[in-house]
Amino acid sequence: MTFTDRHFEEVRKAQQNAYAPYSHFKVGAYLLTKDGKAFHGANIENAAYPATICAERSALVAAMSQGYRPGDFASITITVDSDVISSPCGTCRQVLKELCDDDMPVYMTNNTGAMKKRTVAELLPLGFSGKDLNINE
Ligand code: THU
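Residues numbered from 1 in each chain as written. Predicted model: local features only at pLDDT ≥ 70, side-chain atom pairs only at ≥ 80, totals over all residues. Heavy atoms only, no water.

### Some thoughts on the overall build of the protein chain
Defined as follows: A run of H or I in DSSP becomes a helix once it reaches four residues, and a run of E becomes a strand once it reaches two; helices and strands are each numbered from the N terminus. Buried means the residue's accessible area, taken with a 1.4 Å probe over protein chains only, is under 20% of the maximum for its type, while exposed means over 50%, and partly exposed covers the values in between. We call two residues contacting when some pair of their heavy atoms lies within 4.5 Å. Each accessible area value is a Shrake-Rupley result obtained with a 1.4 Å probe; residue values ignore everything except the protein chains displayed when judging cover.
Scanning the protein chain from terminus to terminus reveals four helices and five strands. Along the protein chain, helices (α) and strands (β) appear in the sequence α-β-β-α-β-α-β-β-α when read from the amino end. Expressed as a percentage of its 137 residues, the buried residues of the protein chain come to 42%. A fraction of 62% describes how many contacts in the protein chain between residues 6 or more apart in sequence connect residues 24 or more apart. Within the structure as shown, the protein chain displays about 7,500 Å² of accessible surface, and the carbon and sulfur contribution to it stands at 52%.

Right, here's the structure in full:
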């Protein structure tokens, strides 16, 4: 699946729902499923800072809560309120590893419309997964 203007428009819409009164750093996520459904995510902060939920995880949890499962996701697009492109935090990389295919594209965008693409495996090389827990296989 390739990156289009639609991805950018939708992720910027998703970003508008960010709740970021502490960092003022609004992040949006636009998750597409292989069967053509779309989920928006945004960062939802908390006065107890570690309770903050990132945009990527908001979108993935929304989709999983509707019944989507690992293997169902086609791409995720992320945007930040900056002229510099950001990439997902470590926790989000681990959740992407758990729920998405290793070769799924992660499109990273910013205020300028610039885009950088990496796969899930490129963002978390040698990542830990459920496969590592099957110690008797
Ligand atoms: N944030 C995300 O939503 N996704 C990331 O991958 C990096 C960080 C949010 C969390 C917090 O609300 C704000 O950005 C500043 O860290």
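### Things to note about the sheet that holds strand S2 (residues 38–42)
What counts is decided by this rule: In short, DSSP must find at least two bridges between two strands for them to pair. Only the contacting stretch of a helix is used when fitting its axis, a line to C-alpha atoms as for every element, and angles between N-to-C directions run 0 to 180 degrees.
If you walk across this open sheet you meet the five strands as S2-S1-S3-S4-S5, and the pairing is mixed. A strand with exactly one partner marks an edge of an open sheet, and here the two such strands are S2 and strand S5 (115–119). For this sheet the average axis-to-axis angle between neighbouring strands, irrespective of direction, equals 20°. Pairing of strand S4 (residues 105–109) with S5, which is carried by five bridges, proceeds in the antiparallel orientation. The residue of S5 that forms the bridge with Tyr-107 is Lys-117. Sheet strands touched by helix H1 (residues 5–15): strand S1 (27–33), S2, strand S3 (73–80) and S4. Its angle to S1, the strand with the most contacts, is close to 130°. Of the strands in this sheet, S1, S2 and S3 are in contact with helix H2 (residues 55–65), which crosses S2 at around 140°.

### Observations regarding the pairing of S4
Across the five residues of S4, five count as buried, placing the element largely inside the fold. By the alternation rule, side chains of S4 split into Pro-105, Tyr-107 and Thr-109 and Val-106 and Met-108, which are all buried. Bridging between S3 and S4 involves four bridges; their strand directions are parallel. By the bridge assignment for S4, Ile-78 is matched with Met-108. Hairpin geometry of S4 and S5 is characterised by an intervening segment of five residues between the two adjacent antiparallel strands and by a positive phi of about 90° at Gly-113.

### Here we look at the nonpolar core
The cut-off we apply is this: Here, the term nonpolar core denotes a set of buried Ala, Val, Leu, Ile, Met, Phe, Trp, Tyr and Cys residues that are joined through side-chain atoms within 4.5 Å.
Leu-31, Phe-73 and Cys-100 are the most contacted members of the largest nonpolar core, which has 22 residues in total. Broken down by secondary-structure element, the contributors of at least two residues to this core are S1, H2, S3, helix H3 (90–99), S4 and helix H4 (120–123). Residue contributions to this core peak at five residues, all from H2. Sequence-distant contacts of Leu-31, that is, excluding residues within four places in its chain, are made with Lys-37, Ala-38, Phe-39, Ala-59, Leu-60, Ala-63, Phe-73, Ser-75 and Ile-76.

### Structural notes on the site of the ligand
Note the cut-off: In these notes, residues near a molecule or strand are those with any non-hydrogen atom within 4 Å of it. Definition of a polar contact: a pair of N or O atoms within 3.5 Å, with one able to donate and the other able to accept a hydrogen when the atoms are protein atoms, and with sequence-neighbouring residues admitted only if both atoms are side-chain atoms. Any residue outside Ala, Val, Leu, Ile, Met, Phe, Trp, Tyr, Cys, Pro, Asp, Glu, Lys and Arg is labelled polar, Gly included; the first ten of those are nonpolar and the last four are charged.
Near the ligand the following residues occur: Ser-23, Phe-25, Val-27, Asn-43, Glu-45, Thr-52, Cys-54, Ala-55, Glu-56, Pro-88 and Cys-89. Ala-55 places a polar main-chain atom, nitrogen or oxygen, 3.0 Å from an oxygen atom of the ligand. At a separation of 2.9 Å, an oxygen atom of the ligand approaches a polar backbone atom of Cys-89. Protein burial of the ligand: of its 370 Å² of free accessible surface, 77% is covered by the chains. Here the residues of the shell around the ligand are counted per class, giving six nonpolar, three polar and two charged.

### Details of the pairing of S2
By the bridge criterion, five bridges tie S1 to S2 in an arrangement that is antiparallel. Bridge pairing in S2 links Gly-28 to Ala-42. Between the end of S1 and the start of S2, which pair antiparallel, lie four residues, with Gly-36 showing a positive phi angle near 90°.

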